[in-house]
Amino acid sequence: MPPQVAAPSERQQLLLEQLRQSDRELSGQDLHALLRQGPQTMGLATVYRHLRQLQQRGLVRCRHLPSGEALFAPTDRDEHHLTCVDCGTSVVLEQCPMRDMPLQDVHLHGPQARGFQLLFHTLEFFGLCEACQQRQAQP
């Protein structure tokens, strides 16, 4: 049984709510800009600190684009991507290949997995989109 964890703080709840209301993943700077428009502002470093804490608790996932930008989303949004390593285009997969497999049924093998508590998963495939393949095929 996982250890009991305190409920997210008020600021963390605010970040979670912003992520849940968004129809896309958001960067820390996106969240910071959204919060600056409202009554409860917080500094950029504070936004990233709380995002990290939420990620450590399994409530937020982080995805890094080929450009290095980090995007955040709530883990209850089961979303995975195909990402082009050339142009950076990222497309959401229609269905997660692991959708029907609860994390408690995932069995990791090897000594490095012993005692590891799964919180969430991410899945991303990298390759070349059709447009980049065609462009690269031209002499």
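Just above sits the structure.
Predicted, not measured: the structure shown is a model, and the values here were computed from it. (Residues numbered from 1 in each chain as written. Predicted model: local features only at pLDDT ≥ 70, side-chain atom pairs only at ≥ 80, totals over all residues. Heavy atoms only, no water.)

Bringing the environment of Thr46 into the picture now. The residue Thr46 is located in helix 3 (residues 44–56) in this model. When the C-alpha atoms of Thr46 and Gly28 are compared, they prove to be 9.7 Å apart, with 18 residues separating the residues in sequence. (Helix = DSSP H or I, 4+ residues; strand = E, 2+ residues; numbered from the N terminus.)

A few words on the side chain of Glu25. Inspection of the secondary structure puts Glu25 in the loop between helix 1 (10–21) and helix 2 (28–36). The exposure class of Glu25 is buried, given its relative accessible area of 7%. Within the local environment of Glu25, its side chain forms a polar contact with the side chain of Arg61, the two groups lying 2.9 Å apart. Of note is the side chain of Glu25, whose polar atom sits 2.7 Å from the side chain of Arg63. Discounting residues that sit within four places of it in the chain, Glu25 has contacts with Arg61, Arg63, Leu71, Phe72, Ala73, Arg77, Glu79 and His81. (Buried < 20%, exposed > 50% of the residue type's maximum accessible area, 1.4 Å probe, protein only. Polar contact = N/O pair within 3.5 Å; in protein donor to acceptor, adjacent residues only side chain to side chain. Contact = heavy atoms within 4.5 Å.)

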